[in-house]
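# Chain and residue survey
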Amino acid sequence: MLLLDIEAELSIWEDGRVVWSEGAFPVAELAYHLALWLQSPAAGREDFELDSMQADPGLIRIIHSDEGWRIGSIFTPEFRTAPVNWGVLVAAIDQFDDSVRKGIAAMGIDPAFIPKP
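Scope of this entry: the structure provided in the associated data block.

In terms of nonpolar packing, the biggest core is built from 26 residues, with Phe25, Leu30, Trp37 and Ile60 touching the most fellow members. Listing elements by their share of this core, those giving two or more residues are strand 1 (8-14), strand 2 (17-25), helix 2 (27-39) and helix 3 (86-106). Top element by residues in this core is helix 2. It accounts for seven residues. In contact with phenylalanine 25, not counting residues within four places along its chain, are Ile6, Glu7, Ala8, Leu10, Trp20, Leu30, Leu50, Leu59 and Ile60.

Right, here's the structure in full:
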């Protein structure tokens, strides 16, 4: 599957420091699943957990709390990003999506297989 073959470094940053990083992460697959999550009727109300054929469940999680949305991973259970509102989260996902699309296009592959969030 093409989604699994497109990998890049993925990092979660907080206050200018990396709190989690993976060198060969299936970024196209993450962009794909994030887009589907944002398109779902429950967008903005349901948590996100990456359901990947290549990664453990919960490797990337976006969880809603009373304070806002937090990003974390099962590999750093003690850490969650500071809460952000829905608009900030969506803008960050859009930025990630654009970056993945540009990277895929630079490889000579049409990124149209990833739905737009």
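As a further point, take the pairing of strand 4 (residues 61-65). Sheet topology places strand 3 (residues 48-49) next to strand 4; two bridges connect them, and they run antiparallel. Considered in strand 4, the bridge of glutamate 49 is made with arginine 61. Hairpin connection, strand 4 to strand 5 (residues 68-72): the antiparallel pair is bridged by two residues.

Turning to the sheet that holds strand 3, a few remarks are in order. The antiparallel open sheet is built from three strands, whose spatial order is 3-4-5. The outermost strands of the open sheet, each flanked by one partner alone, are strand 3 and strand 5.

Quick look at the packing of aromatic side chains now. Considering all chains together, one arrives at four aromatic pairs under this definition. Note on tryptophan 37 and phenylalanine 48: the rings are 5.4 Å apart at their centroids and 55° apart in plane angle, and the pair reads as tilted. Highlighted residues: tryptophan 37 in helix 2 and phenylalanine 48 in strand 3, separated in sequence by 11 residues. Take tryptophan 37: its relative accessible area is 7%, and that puts it in the buried class. By relative accessible area, which is 5% here, phenylalanine 48 ends up buried. Look at tryptophan 69 and tryptophan 86: their rings are 5.1 Å apart centre to centre, the planes differ by 55°, and that puts the pair in the tilted class. One end of the pair, tryptophan 69, is in strand 5; the other, tryptophan 86, is in helix 3, with 17 residues separating them in the sequence. A relative accessible area of 3% means that tryptophan 69 is categorised as buried.

With respect to the helices and strands, the residue glutamate 29 is situated in helix 2. Taking relative accessible area as the criterion, glutamate 29 reaches 3% and is therefore assigned buried. Counting along the chain gives 85 residues from glutamate 29 to isoleucine 114, while the straight-line C-alpha distance between them is 8.3 Å.

Right, let's get into the pattern of salt bridges. Per the stated rule, a full pass over the model turns up five salt bridges. Measuring nitrogen to oxygen at the nearest pair gives 4.0 Å for the salt bridge that ties arginine 70 to glutamate 67. Between lysine 116 and aspartate 97 there is a salt bridge, with the nearest N and O atoms lying 3.5 Å from each other. In this pair, lysine 116 sits in the segment after helix 3 while aspartate 97 sits in helix 3, placing the two residues 19 residues apart along the sequence. Of the residues examined, aspartate 97 reaches a relative accessible area of 2% and is grouped as buried.

How each quantity is defined
Within each chain, residues carry numbers counting from 1 in the order of the written sequence. Local features in this predicted model are restricted to residues whose pLDDT is 70 or higher, and side-chain atom pairs enter the listing and the counts only when it is 80 or higher, whereas totals over whole chains, interfaces and linings include all residues. The side-chain numbers reported here are obtained from all heavy atoms of the structure, hydrogens and water having been left aside. Among buried residues, those of type Ala, Val, Leu, Ile, Met, Phe, Trp, Tyr and Cys that are joined through side-chain atoms within 4.5 Å constitute a nonpolar core. Burial here depends on accessible area, computed with a 1.4 Å probe over protein chains only, as a share of the maximum for the residue type. Under 20% is buried, over 50% is exposed, and the range in between is partly exposed. Here a strand is any run of E in DSSP of at least two residues, a helix any run of H or I of at least four, and the numbering for each starts at the N terminus. In what follows, residue pairs with any heavy atoms lying within 4.5 Å of each other are defined as contacts. When DSSP finds two or more bridges between a pair of strands, those strands are recorded as paired. Working definition: a ring pair exists when centres of Phe, Tyr or Trp rings (six-membered ring for Trp) sit within 6.5 Å. Plane angles under 30 degrees give stacked, over 60 give edge-to-face, the rest tilted. Just to be clear on terms, a salt bridge is a Lys or Arg side-chain nitrogen sitting within 4 Å of an Asp or Glu carboxyl oxygen.

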